[in-house]
Amino acid sequence: MSGANDSAAYALDHLDVLESEAVHVFREVVGEFDRPVLLFSGGKDSVVMLHLAAKAFAPSPVPFPVLHVDTGHNFPEVLTYRDETVDRVGVRLVVTYVQDWIDDGRLKERADGTRNPLQTIPLLESIVSGKYDAVFGGGRRDEEKARAKERFFSLRDEFGQWDPRRQRPELWDVYNGRRRPGEHVRVFPLSNWTELDVWRYIEREQIVLPDLYYSHEREVFARDGMWLTPGDWGGPKEGEELVTRTVRYRTVGDMSCTGAVESEATSVADVIVEVAASRLTERGATRADDRMSEAAMEDRKREGYF
Amino acid sequence: MTHDLLRFATAGSVDDGKSTLVGRLLHDTKSVLADQLAAIERVSTERGMEVADLALLTDGLRAEREQGITIDVAYRYFSTTTRSFILADTPGHVQYTRNMVTGASTAELALILIDVRHGVVEQTRRHTAIAALLGVRHIAVTVNKMDLVDYSQERFEALEADFKKVANSLGIEDVVAIPVSALVGDNVVDRSDRTPWYQGPTLLEFLEEVQVGIDPRDQPFRLPVQYVNRPRTAEHPDFRGYSGRISSGSVAVGDEIVVASLRRSTRVTAIDVVGEPTDVAFAPQSVTIQLADDIDIDRGDVIAAVEQPPRLTREITATICVLSDTSISAGQRLLARIGPKTVRVIVGSVVDRLDLETLEHAAHTDELTTNDVGTITLRFADEIAIDNYDDLRTTGAFILVDDQDGSTLAGGMTRS
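**Side note on the overall build of chain A**
- Within chain A one finds 9 helices and 10 strands.
- In chain A, which comprises 306 residues, the share counted as buried stands at 62%.
- A fraction of 72% describes how many contacts in chain A between residues 6 or more apart in sequence connect residues 24 or more apart.
- Accessible surface for chain A amounts to roughly 11,900 Å². Of this, 48% is attributable to carbon and sulfur atoms.

In structure tokens:
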């Protein structure tokens, strides 16, 4: 230790502090709950979450399974990435298919073809049938202003509902996971991270992501000011013209409502420069579902969305 | 050069211009993005306002926007080239004391607003008292609306002196006063040429430069154990590690430590920081440590420096702030959470209630109700390892939980 007398040797970088905080939250949940599960879509936040979970419990394996609600409109390359990643890390993957719910009539396809709002009920049913008492999500407070009020531990009733007025105050690093039968807790270890922090961490830890997070040529069409990828989900419609653009995705979700942005960023370093200079938020640029109204996210969270 | 993290809390009300100041800080550090700005401009126009209401940036809930008030703590994030910031934006009114307590509990610095025309008022004393109670050791007081008093040096300096008296009487030594106009932007991010008499830093310069960290070598080592790591895999058949986040001090391989509640001491044989082996680790790193002897350590036990262990006791006196609608009174049976430890507790007595505006203690109080701050005694079902909050924030703090519905009733700080 060259710097034993150097105070800088006892100072932490902000990413180290955020990492330590997230690991602390993971360990609290495993210490307090019987059946945690981590939501894993192959999107960058969930990939960072799984990476943190692996570090938190090393040299033991990750002590909980991962769950994916497959809308049926996921990018095929992301699903491939998802399967490879869970194999490599050695966790069990549980998948719930929204398509099953539509096929047997429990859910109806929306007129606009978007399946993002349809995820909520299959998610809640999966939580009940899996008897999960804590569900990890990659939500961050910087994403959206209703999320800015979210706690690390967010208590949900048996309908999965979020009641912002009944939230438990969270002091210091004491997280109250006490719950009654039927209730579960959503847990957000990345609460204090920003989009830029996530990317800097991906760079530092050399985390591999699905290729569509980086610049590539793709056939897309314009809708609601976003570049969407054509597919079985219902695009393009008549009058919507397919063009080839150099794009990347800032978020990865349901193909029907996740837009690509024009970008030349081919590496993590390029993305960091681009995100730092961006004049639009991640969700504002790429998520049609959040544009529905001023309180779109708050309303969906109240209904049990993440 | 490390890029570090500063957590700070703001306190103040709409009248002091808090939302404008926070909005200005976010706006001038380019932390407000075009789509956010467009959204608040659209809503402001719909409501017939002439300029964008920056308060809409932080008021995230429908009820808050409709009523034009901040109900809950809002966390905001911004960064400069040298530092990242987490800002806990808390409402200032007396009925939201609990939210300010929540926001201040994780803050290293408090930013308190004063309207230069009104000076140090009751609300200022209350905000400063809460910051002091929660162990916030640094205060930046922004003297706002300087444009309305013609940037008077005399008015600013009188106020600075008044405030320092209040802060010092509460035990806060590190106070910096900054003359600003949040509306115009003077001395928030950019230096103003209208205050040539002011030689100090702008608010952002101050936030970037202030040293709030405690050197881990100045505090005794504490590791509250969250999780006992036993893989029992073919690769690691005998591994037994104790995982947690170091809450204070530092630890090195070879150090003598004590498992406080078991009164057993042993030696550290290995440390890893989130999966990477190391010789030395310090607060606030998350670690897994291995020990020379097999000791039956559980979640909630505290591993500590052998020469400065925590106190072992079944009774404490503490300051609490009541966070819920349930009152706290003598004889109540509750649960206490001290870090990862859960223990049954009985409220012994309510000693006094603190009037946050006059800073006087009113004795002979039967109960403490919502937003009350006061002193109580507690009796634990088991002996617990605990520190005084003013010495060690994490291992001196606790919450009280309702055993029936699980709600968080109060936050507490151990005094003796």
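**Some remarks on the overall build of chain B**
- From N to C terminus, chain B includes 7 helices and 25 strands.
- What you see for chain B is a C-alpha radius of gyration of 24 Å, in line with the 22 Å of a compact globule of 416 residues.
- Projecting the C-alpha coordinates of chain B onto the three principal axes gives extents of approximately 70 × 55 × 40 Å.
- Split into buried and exposed, the 416 residues of chain B put 60% on the buried side.

**Some words on empty space enclosed by the protein**
- Scanning the entire structure with this criterion turns up 3 cavities of 30 Å³ or more.
- When its volume is computed, the second largest cavity comes out at roughly 60 Å³.
- Every residue along the wall of the second largest cavity is listed here: Phe153, Arg168, Pro169, Glu170, Leu171, Val174, Tyr175 and Asn176 of chain A together with Ile399 and Thr408 of chain B.
- Along the lines of polarity and charge, the residues of the lining of the second largest cavity split into 6 nonpolar, 2 polar and 2 charged.

**Topic: the pairing of strand β1 (residues 36-39) of chain A**
Residue and element names in this part refer to chain A.
- In β1, alternate side chains face the same way, and those of Pro36 and Leu38 on one face and Val37 and Leu39 on the other are all buried.
- As paired strands, β1 and strand β4 (residues 134-136) are joined by 3 bridges and run parallel to one another. When the bridges of β4 are listed, Leu38 appears paired with Phe136.
- Looking at chain direction, β1 and strand β2 (residues 66-70) are connected through 2 bridges and run parallel. In the strand pairing of β2, Leu39 is matched with Leu67.
- Of the crossover connections in this fold, the one passing from β1 over helix α2 (residues 44-57) to the parallel β2 is right-handed.

**Quick look at the sheet that holds β4 of chain A**
Residues and elements named next belong to chain A.
- Here we have 6 strands laid out as an open sheet, ordered β3-β2-β1-β4-β6-β5, and mixed in their pairing. Where the open sheet ends on each side, the last strands, each with one partner, are β3 (93-97) and β5 (153-156). Averaged over all neighbouring strand pairs, the angle between strand axes comes to 30°, with direction disregarded.
- When β4 meets strand β6 (residues 184-187), the two strands line up parallel, connected through 3 bridges. For Phe136, the partnering residue across the bridge sits in β6 and is Val187.
- Helix-sheet contacts for helix α3 (residues 76-89) involve β2 and β3, and the interaxial angle to β2 is about 165°.

**With respect to the environment of Pro36 of chain A**
All names here are of chain A.
- Looking at the secondary structure, you find Pro36 in strand β1.
- For the pair Pro36 and Gly72, spaced 36 residues apart in the sequence, the C-alpha separation amounts to 25 Å.
- The residues touching Pro36, leaving out its near neighbours within four places in the chain, are Val29, Phe64, Pro65, Tyr132, Asp133, Ala134 and Phe136.

**What to know about the side chain of Ser248 of chain B**
All names here are of chain B.
- In this fold, Ser248 is placed in the loop between β9 (241-245) and β10 (250-252).
- Of note is the side chain of Ser248, whose polar atom sits 2.8 Å from the backbone oxygen of Pro220.
- Leave out the neighbours within four places in its chain, and Ser248 touches Gln219, Pro220, Phe221, Arg222, Ala283 and Leu392.

**Regarding the sheet that holds strand β6 (residues 174-179) of chain B**
- Taken in spatial order, the 6 strands make up an open sheet running β2-β3-β1-β4-β5-β6 (chain B), and their pairing is mixed. The open sheet is flanked by β2 (74-79) and β6 of chain B, the only strands paired with a single partner. Put simply, the sheet's adjacent strands are angled 25° from each other on average, direction ignored.
- Across 4 bridges, strand β1 (residues 4-11) of chain B lies against strand β4 (residues 109-115) of chain B in parallel orientation. From the neighbouring strand, Thr10 of chain B faces β4 of chain B, where its bridge partner is Leu111 of chain B.
- Across the sheet, helix α1 (residues 14-32) of chain A is in contact with β1 and β3 (83-89) of chain B; its angle to β1 of chain B comes to roughly 75°.
- Each of β1, β4 and β5 (138-144) of chain B is contacted by helix α5 (residues 122-133) of chain B, which is oriented at about 175° to β4 of chain B, the strand it contacts most.

**What to know about the interface of chain A and chain B**
- Contact residues are listed per partner, giving 64 residues for chain A and 80 residues for chain B.
- Summing both partners gives a buried area of about 6,100 Å² for chain A against chain B, and 55% of it is carried by carbon and sulfur.
- Counting across the interface, chain A meets chain B through 7 salt bridges.
- Arg337 of chain B is the salt-bridge partner of Glu32 of chain A, the closest N and O atoms lying 3.7 Å from each other.

**Examining helix α5 (residues 120-129) of chain A**
Residue and element names in this part refer to chain A.
- What α5 keeps buried is the set Thr120, Pro122, Leu123, Leu124, Ser126 and Ile127.
- Where α5 is buried, its residues contact β1, β2, β3, α4 (98-103), β4 and β6.
- One or two residues past the end of α5 sits Lys131, with phi positive at roughly 55°.

Scoring rules and cut-offs
Residues numbered from 1 in each chain as written. Chains lettered and ligands numbered in written order. Predicted model: local features only at pLDDT ≥ 70, side-chain atom pairs only at ≥ 80, totals over all residues. Heavy atoms only, no water. Helix = DSSP H or I, 4+ residues; strand = E, 2+ residues; numbered from the N terminus. Buried < 20%, exposed > 50% of the residue type's maximum accessible area, 1.4 Å probe, protein only. Contact = heavy atoms within 4.5 Å. Areas by Shrake-Rupley, 256 points an atom, 1.4 Å probe, with all protein chains shown as cover. Rg over C-alpha atoms; globule rule 2.2 N^0.38 Å. 1 Å grid on protein atoms, 1.4 Å probe; cavity = no way out; pocket = protein on both sides within 12 Å on 5 of 7 lines; lining within 4 Å. Points joined across faces, edges and corners; volume = space filled by probe spheres on them. Nonpolar A, V, L, I, M, F, W, Y, C, P; charged D, E, K, R; others polar. Pairing = 2+ DSSP bridges. Right-handed = clockwise from strand over helix to strand, strands pointing away. Axes fitted to C-alpha atoms, helices over the stretch in contact; angles between N-to-C directions. Polar contact = N/O pair within 3.5 Å; in protein donor to acceptor, adjacent residues only side chain to side chain. Buried area = accessible area lost by both parts, 1.4 Å probe. Salt bridge = Lys/Arg side-chain N within 4 Å of Asp/Glu carboxyl O.

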